[in-house]
Amino acid sequence: MAKLNQTLFLILSISFFFSPALTAATAASRAGASNKAVNFIQSSCKTTTYPAVCFHSLSAYANAIQTSPKRLAETALAVTLSRAQSTKLFVSRLTRFKGLKKREVEAIKDCVEEINDTIDRLTKSVQEMKLCGSAKNQEQFAFHMSNAQTWTSAALTDENTCSDGFSGRFMDGRIKNSVRARIVNVGHETSNALSLINAFAKKY
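Residues numbered from 1 in each chain as written. Predicted model: local features only at pLDDT ≥ 70, side-chain atom pairs only at ≥ 80, totals over all residues. Heavy atoms only, no water.

Take the overall build of the chain next. On a plain count of helices and strands, the chain comes out with nine helices and zero strands. Looking at the 204 residues of the chain, the share that counts as buried comes to 44%. Counting contacts in the chain only where the partners sit at least 6 residues apart, residues at least 24 apart contribute 77% of the total. (Helix = DSSP H or I, 4+ residues; strand = E, 2+ residues; numbered from the N terminus. Buried < 20%, exposed > 50% of the residue type's maximum accessible area, 1.4 Å probe, protein only. Contact = heavy atoms within 4.5 Å.)

Written out as structure tokens, the structure is:
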């Protein structure tokens, strides 16, 4: 049984870090991306909280982003949303493990709910960013931009709450470590997306 659990854990980890969509997009877009676009992304990422994570995640989409602050922010949101969805799948499947503590099962279920909220709020933020592009005046733009900032910030709070559910020594172990590692990653992506949204807002 222990060997089965280890195998399942490995499969889930691989599926999280190498989702087909992101892997294919990375290989296709890095080839032939202009230096100008890559430099723009690198420069923009330096203003975020986690610049290395930012550049690693977004440089794959240099051809689509080019030097557009709007497309950069939208892509950051899309990548973060994809990461959150992958994290939800990973965490929800952890309940298949045998021998979990009751507190671990409860924490996993609570975390999935929090991630659901994160996905919902990031989705709304993506929608608001799209509406920014069709705004007819500065007032409409400011309204939708404010909504995008609010939803993204709220998503970040959800991720922190999920991570808090695994606090305490009684929760120490592989389940806690694997969940928190992925939640931290999504948190970093979300924080960076919010920084890029804020930067886009200042430019317009």
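From this point, the narrative continues.
This next bit is on unusual backbone geometry. Despite not being glycine, Q66 has its phi angle at roughly 55°, a positive value. Positionally, Q66 belongs in the loop between α5 (62–65) and α6 (69–93). Given the relative accessible area of 30%, Q66 is considered partly exposed.

This paragraph deals with the nonpolar core. Within the largest apolar cluster, 44 residues are counted, with the highest numbers of intra-cluster contacts made by I41, L58, V91, M129 and M145. Apart from residues lying up to four places away in sequence, I41 is in contact with F55, L58, S59, A62, I65 and L72. (Core = buried A, V, L, I, M, F, W, Y, C linked by side-chain atoms within 4.5 Å.)

What follows is about the environment of A155. Secondary-structure assignment places A155 in helix α8 (residues 138–164). Looking at A155, the relative accessible area reads 0%, which means it is buried. Taking the C-alpha atoms as reference points, A155 and A84, 71 residues apart in sequence, are found 10.0 Å from one another. For A155, the contacting residues outside a window of four places in its chain are T118, R121, L122 and T190.

With that settled, the discussion passes to the pattern of salt bridges. If you walk through the whole model with that rule in mind, you get two salt bridges. For the salt bridge of E74 with K70, the shortest nitrogen-to-oxygen distance reads 2.4 Å. Of this pair, E74 and K70 both sit in helix α6, separated by four residues, roughly a single helical turn. Classification of K70 by relative accessible area gives partly exposed; the value is 23%. (Salt bridge = Lys/Arg side-chain N within 4 Å of Asp/Glu carboxyl O.)

Turning our eyes to something else, we now look at the environment of N198. Following the sequence through the fold, N198 ends up in helix α9 (residues 174–203). Of the residues examined, N198 reaches a relative accessible area of 28% and is grouped as partly exposed. As a C-alpha pair, N198 and Q149 span 49 residues in sequence and 7.3 Å in three-dimensional space.

Turning next to a negative patch on the surface. On the surface, a cluster of negative charge is contributed by E106, D110, E113 and D117. Assignment of secondary structure puts D117 in helix α7 (residues 102–133). (Patch = residues over 30% accessible without salt bridge, like charges linked within 9 Å, V, L, I, M, F, W, Y side chains within 5 Å. Areas by Shrake-Rupley, 256 points an atom, 1.4 Å probe, with all protein chains shown as cover. Lys, Arg positive; Asp, Glu negative; His and termini not counted. Charge placed at Lys NZ, Arg CZ, Asp CG, Glu CD.)

Moving on: the confidence of the model for the chain. Interpreting fine coordinate detail is not advised for predicted regions of low pLDDT. For the chain, the average pLDDT comes to 82, and 79% of its residues sit at 70 or higher. Averaged over each element, pLDDT in the chain is lowest for helix α1 (residues 2–17) (40) and highest for helix α4 (residues 51–58) (97). Across residues 1–29, where pLDDT falls below 50, the model places 32 contacts with residues more than four positions away in sequence or in other chains. (pLDDT = per-residue confidence, 0-100.)

Within the span of helix α3 (residues 35–45), buried status applies to A37, F40, I41, S44 and C45. The arc that holds the buried residues of α3, viewed along the axis, is 125°, so those residues lie on one side. Facing away from the buried side of α3 by more than 90 degrees, the exposed set consists of N35 and K36. Residues of α3 that are buried in the fold lie against α4, α5, α6 and α9. (Arc of directions from axis to C-beta.)

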